[in-house]
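Geometric and topological summary
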Amino acid sequence: MAKEVVDSMAMKRALTRMTYEIIEKNKGIEDLVIIGIKTRGIYLAKRIAQRLQQLEGATVPVGELDISLYRDDRHDAANTNEPIVNSAKLGFDITEKQVILIDDVLFTGRTIRAALDALMDQGRPKKINLAVLVDRGHRELPIRADFVGKNIPTSLDEQISVEVEEIDEKDSIKIEKI
């Protein structure tokens, strides 16, 4: 049974705080672009961009990265447990831009590593910062988020699920034993 650990209002506050931190760390939004990792990272990216627009009065471009992970519970010859980058829908050049890469949950770091590789194929940004709604720990790679909505320590037999209004008809973060 999943237990809700963050409700809609707490999620909204976390995203707002992250938005202020992004503005502060980047000294405004000049040369800033936001890229969300599919699926829920895209919706979080759009929300942060909308909040930046409200606060700073300027539009920040939002792009999408589609990175599919092989599932860890499949053990066939084609599965190498490495992320596959399917496509990037950026619609803008990231060269010399300050990129904010956004995902819903940071776990092992493998998705982020794949996303960084995909971004470098798109251009050479001036800087890349990582923003995640949830950092649950258990890193396998030396990757750290610059902006974190919530730190939710978990055990390896637990799972974090993020629900967003655009897909799941409500905003919440749940934790459950697997």
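Below or above, wherever it landed, is the structure these notes cover.

Rules of the game
- Residues numbered from 1 in each chain as written.
- Predicted model: local features only at pLDDT ≥ 70, side-chain atom pairs only at ≥ 80, totals over all residues.
- Heavy atoms only, no water.
- Pairing = 2+ DSSP bridges.
- Helix = DSSP H or I, 4+ residues; strand = E, 2+ residues; numbered from the N terminus.
- Axes fitted to C-alpha atoms, helices over the stretch in contact; angles between N-to-C directions.
- Contact = heavy atoms within 4.5 Å.

An order of S1-S9-S8 is seen for the 3 strands of this open sheet, with the pairing classed as antiparallel. The two strands at the open ends of the sheet, each matched to only one other strand, are strand S1 (3–6) and strand S8 (158–163). Across this sheet, the average inter-strand angle for adjacent strands is 30°, counted without regard to direction. Where S1 and strand S9 (residues 172–177) come together, 3 bridges link them in antiparallel fashion. Bridge assignment links Val-6 to a residue of S9, and that residue is Ile-173. The strands touched by helix H1 (residues 8–25) within the sheet are S1, S8 and S9, with S1 carrying the most contacts at an inclination of about 35°.

By the secondary structure assignment, Gly-28 is in the loop between H1 and strand S2 (32–37). As for Gly-28 and Leu-52, which are separated by 24 residues in sequence, their C-alpha atoms are 9.4 Å apart. Beyond its immediate stretch of four places on either side in the chain, Gly-28 contacts Ile-22, Ile-23 and Glu-56.

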